[in-house]
Amino acid sequence: MSLGRSSFLNVRPEERKLVFSLAAVLTVATLVLELSDVIATGGFVSKVGPDKIIWLWVVDMLVSILTAGLYALAVDKVERQRLVKWLLLGFAILFLGLRFVFSVGAPDWLSYPVLYILTDQFYAVFPLAFWAMVNDLYSTAEAKRLYPIILMGTAIGSILGNGLAAFSGWLLQQSSGDAASLLPMASLILLLGLLVVEVAFVRQTVNARQDRSDTFDLKQTLKVGVDYIRNVPIFKFLAVSMLLSGLAFTVIEYHFLSSLDQSVAQDPLQFQTFYGSFKIVLILSTLLVQALVSGRLMDRLGLKDSFIVQPVALFLGAGLALFVPGVYGAAGARYLVRLIQQSWDEPARKSLENLIPDERRGRVSVVIDRYFYDVSTIIAALVLGLLLFLGSLSVISQGVVFYVYLGLALAAALVAIVAALRLRATYDESMLDWRLARPRRKSTLDGIEF
């Protein structure tokens, strides 16, 4: 109980209102993402076909690159709190409009992919704006302690979103309804998140600098992010690690879905039961680790030692999938890598981005958090598509396809480990770079009216 902190969540009493409000906003956004993702993915697989999912990933990532670029034009020029509110309102309107598309009988090959891509665009830009806003509020020391608590909103929203999707699916079966009828509910939930933001910042002043230039050139905007990647060693090696980790992630994700589909090919309900149970276990585990482990351990370990954890988890996960054939090895691999990503790597990365000056942070985070992920997903999907195509032509056997893509995941994770070690070695040197200079460290208590 020293320093007035809560003994459970490591949050000081004066921090609770804002921290828990931010977690609530993240809960609302994640709930809608989970709900709409279930509708879009389930509809696409059943109406269009599961064999098309890899190509949907490619199209979706290409759209995400464009969306993130447009977002980058505004993120450092607009007050971040206002930007978050605009996104919540805008996507509430879009989800409501998409309900109209379903109601007029648009073809399945159009409506479900549009919903899938719209959902992923919300996932692509909202977290960027949200964390840019959060980084305006806290110092780096506070971030290591509080970000895992705020990220608990993701786990809670996932539980609520999946629970709502499962219950409403059963209810709609009884009433012969359609899943798209839930989209207006998603809009209302986003408007609730907008209200939470309004209330949370009533007595909170955000002291953050903004880019005052009149330039809206996308190339010049992205050059800011590229400059950090090229010239600040820790961001250069973080980018390499993320690119290779994204390749391994995509492979492990596909392997899990493929293995699960093969194990329950004749029983769709068994597929739903296993997958639903898996997600609940993963979400609860993430919530527990974020609440009790991540903040405290990261505070003691320090940032420069934090980025080795995810590549090691990916290497172990790919090895587990390779040496334990079948759905249980694949599920164990996905569980391990997703647990580490959500409960450890994401808060560590957001804490590192806190070192970037306010007026540049939004643009740099677009390059780091979105573009490397999007590009790595596209590359991995194309490689998987090529391997599956060669397998369908019997150029290579299905067994060889399995070993090749998991071998690629192992190799990518291994190089990511090397990049993370280089990040650690250049951390102290990077702290001297002028690009990370800040005139003072912010605190969440700045600007509060007592």
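What you are looking at is a predicted structure, and each value in this text was computed from that prediction instead of being measured.

## Considerations on the overall build of the protein
Along its length, the protein carries 15 helices and 0 strands. Pairs at least 24 apart in sequence give 86% of the contacts found in the protein among residues at least 6 apart. Of the roughly 19,600 Å² of accessible surface on the protein, 67% is carried by carbon and sulfur atoms.

## Focus: the packing of aromatic side chains
The geometry of two aromatic rings is summed up by the distance between their centres and the angle between their planes. Summed over all chains, the structure comprises 11 aromatic pairs. Plain terms: the ring middles of Y138 and Y147 are 6.3 Å apart, the flat faces sit at 75° to each other, and that makes the pair edge-to-face. The same class applies to Y138 and to Y147, which are both buried.

## Things to note about a nonpolar patch on the surface
Together, V375, I379, V383, V400, V404 and L408 make up an exposed nonpolar region whose accessible area comes to about 410 Å². For the nonpolar patch, the secondary-structure elements that each account for two or more residues are α13 (358-392) and α14 (398-425). Among the secondary structure elements, V383 is positioned in helix α13. A relative accessible area of 33% means that V383 is categorised as partly exposed.

## Description of the pattern of salt bridges
Where charged atoms from two side chains of opposite charge approach closely, those side chains can pair. As enumerated under the stated definition, the model contains 6 salt bridges in all. Here E198 ties to K85 by a salt bridge, and the two come within 3.1 Å at their closest N and O atoms. Taken together, the residues E198 in helix α7 (residues 183-200) and K85 in helix α3 (residues 80-103) connect sequence positions 113 residues apart. Under the relative-accessibility criterion, E198 is labelled partly exposed at 38%.

## Focus on the nonpolar core
One finds F130, Y138, I150 and F235 to be the most contacted residues of the largest nonpolar core, which totals 127 residues. No other element matches the 16 residues that helix α4 (residues 108-135) contributes to this core. Membership of the second largest hydrophobic core comes to 8 residues, among which are F256, F278, L282 and L339.

## Let's talk about the confidence of the model for the protein
Residue-level pLDDT values for the protein average 80, and 84% of them are 70 or greater. Of all secondary-structure elements in the protein, the lowest mean pLDDT belongs to helix α10 (residues 268-301), at 73, while helix α11 (residues 309-323) reaches the highest, 94. Low pLDDT, under 50, characterises residues 1-7; the predicted model gives this stretch 13 contacts beyond four residues in sequence or across chains.

## Observations concerning the environment of A409
Within the secondary structure, A409 sits in helix α14. Note: C-alpha distance between A409 and L247 (162 residues apart in sequence) is 6.7 Å. Among all residues touching A409, those that are not within four sequence positions of it are A248, V251 and A318.

## A word on the packing of helix α5 (residues 140-150) against helix α12 (residues 327-353)
The contact between α5 and α12 brings their axes to 9 Å, and the two run at 155°. In terms of orientation, α5 lies roughly antiparallel with respect to α12. Here the hand of the crossing between α5 and α12 comes out right-handed. Here T140, A143, K144, Y147 and P148 of α5 come into contact with α12, specifically with P347, K350 and S351. Its residues placed into classes, the contact of α5 with α12 shows 4 nonpolar, 2 polar and 2 charged.

Basis of the calculations
The numbers attached to residues start from 1 for each chain and follow its sequence in the written order. Only residues with pLDDT of at least 70 are given local features in this predicted model, and only at 80 or more are side-chain atom pairs given and counted; all residues enter the totals for whole chains, interfaces and linings. Only hydrogens and water are set aside when side-chain values are computed; all heavy atoms of the structure are taken into account. We count a stretch as a helix when DSSP gives it H or I for four or more residues in a row; a strand needs E for two or more, and each element gets its number in order from the N terminus. We call two residues in contact whenever any of their non-hydrogen atoms come within 4.5 Å of each other. The accessible surface values rely on the Shrake-Rupley method and a 1.4 Å probe; as for residues, cover is taken only from the protein chains in view. The criterion for an aromatic pair is that two Phe, Tyr or Trp rings (for Trp, the six-membered ring) have centres within 6.5 Å, with stacked assigned to planes under 30 degrees apart, edge-to-face to planes over 60 apart and tilted to the rest. Partly exposed residues are those whose accessible area sits between 20% and 50% of the maximum for their type, while under 20% is buried and over 50% is exposed, using a 1.4 Å probe and protein chains only. Patch members must show over 30% relative accessible area and no salt bridge, and they are joined within 9 Å when carrying like charges or within 5 Å when they are nonpolar side chains of Val, Leu, Ile, Met, Phe, Trp or Tyr. Take a side-chain nitrogen of Lys or Arg and a carboxyl oxygen of Asp or Glu: if they are within 4 Å of each other, that pair is a salt bridge. Buried Ala, Val, Leu, Ile, Met, Phe, Trp, Tyr and Cys residues form a nonpolar core when they are joined through side-chain atoms within 4.5 Å. For every residue, the predictor assigns a confidence score, pLDDT, that lies between 0 and 100. Fitting a line to C-alpha atoms yields each axis, with helices limited to the stretch in contact; the angle taken between N-to-C directions then spans 0 to 180 degrees. Any angle between 65 and 115 degrees counts as roughly perpendicular, while under 35 counts as roughly parallel, over 145 as roughly antiparallel, and the rest as oblique. Crossing handedness is read from the near helix: turned anticlockwise from the far helix by less than a right angle, it gives a left-handed crossing, and turned clockwise, a right-handed one. Under the grouping applied here, Gly and all other residues not named as nonpolar or charged are polar, the nonpolar ones being Ala, Val, Leu, Ile, Met, Phe, Trp, Tyr, Cys and Pro and the charged ones Asp, Glu, Lys and Arg.

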